[in-house]
Amino acid sequence: MNKPEDEEKYEAGLDNHGCWGGPKSGRLRGLQNAPKLFSGINFYFSGDYLPAYKDDLLNLVTTAGGFQYNMGNEESVLLQRFRTAEDLATEYGYRVLKHTWILESVAASKLLPYY
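Everything in this summary refers to the structure shown in the same document. Not measured: the values here are computed from a predicted model. (Residues numbered from 1 in each chain as written. Predicted model: local features only at pLDDT ≥ 70, side-chain atom pairs only at ≥ 80, totals over all residues. Heavy atoms only, no water.)

On to the overall build of the protein. When you go through the protein residue by residue, the secondary structure sums to 4 helices and 2 strands. Listing the helices and strands of the protein from first to last along the sequence gives α-β-α-β-α-α. Scored against the burial criterion, the 115 residues of the protein give a buried share of 23%. Contacts spanning at least 24 positions in sequence make up 57% of the contacts within the protein whose residues lie at least 6 apart. Summed over all atoms, the accessible surface of the protein reaches about 8,600 Å², with 54% contributed by carbon and sulfur. (Helix = DSSP H or I, 4+ residues; strand = E, 2+ residues; numbered from the N terminus. Buried < 20%, exposed > 50% of the residue type's maximum accessible area, 1.4 Å probe, protein only. Contact = heavy atoms within 4.5 Å. Areas by Shrake-Rupley, 256 points an atom, 1.4 Å probe, with all protein chains shown as cover.)

Here you go:
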């Protein structure tokens, strides 16, 4: 008989970056209707990403409850965008983070320390 499989049997316990239990934690968060991982966090992406990679990052952020803040196309030079991001961060008390923080937080299913 065809029926859905219990996904717990197939959850990764440890990823290749050393994060434990991220998939289980994310699944339990969803079952408990807890806030999404990035709920209430605004993201401003600065950098020259490959379009498909940037789309993947944006999808991760929005799926996890975050919001994208975009300055528009007038900021086309990488250094200009980085300085703008730093200035905005300082002005509003935000932080400038590497894109890998998003990936690692999603993998761990928790907000990791800012470094």
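Back to the text.
Further remarks concern the pattern of salt bridges. A full pass over the atoms with the stated rule returns 3 salt bridges. The residue Glu8 makes a salt bridge to Arg27 at a minimum N-O spacing of 3.7 Å. Of this pair, Glu8 sits in the segment before helix 1 (22–31) while Arg27 sits in helix 1, and the two are 19 residues apart along the sequence. With relative accessibility at 44%, the residue Glu8 sits in the partly exposed group. For Arg27, a relative accessible area of 15% translates into the label buried. Salt-bridge contacts for Glu11 lead to Arg27; the nearest nitrogen and oxygen are separated by 2.3 Å. Taken together, the residues span a long stretch of sequence, with Glu11 in the segment before helix 1 and Arg27 in helix 1 at a distance of 16 residues. On the basis of relative accessible area, Glu11 is assigned to the partly exposed category, the value being 23%. Here the salt bridges do not stand alone but share partners, grouping Glu8, Glu11 and Arg27 into one network. (Salt bridge = Lys/Arg side-chain N within 4 Å of Asp/Glu carboxyl O.)

Inspection of the secondary structure puts Ser105 in helix 4 (residues 99–108). Residue class for Ser105 comes out buried when judged on its relative accessible area of 0%. Those residues within four positions of Ser105 in sequence are excluded, and the remaining contacts are Leu37, Phe38, Lys110, Leu111 and Leu112.

Bringing helix 4 into the picture now. When we look at burial in helix 4, the residues that qualify are Trp101, Ile102, Ser105 and Ala108. One side of helix 4 holds all its buried residues, which, seen down the axis, span an arc of 140 degrees. Residues of helix 4 that are buried make contact with helix 1, strand 1 (42–44) and helix 2 (51–63). Phi turns positive, to about 60 degrees, at Ser109, one or two residues after helix 4. (Arc of directions from axis to C-beta.)

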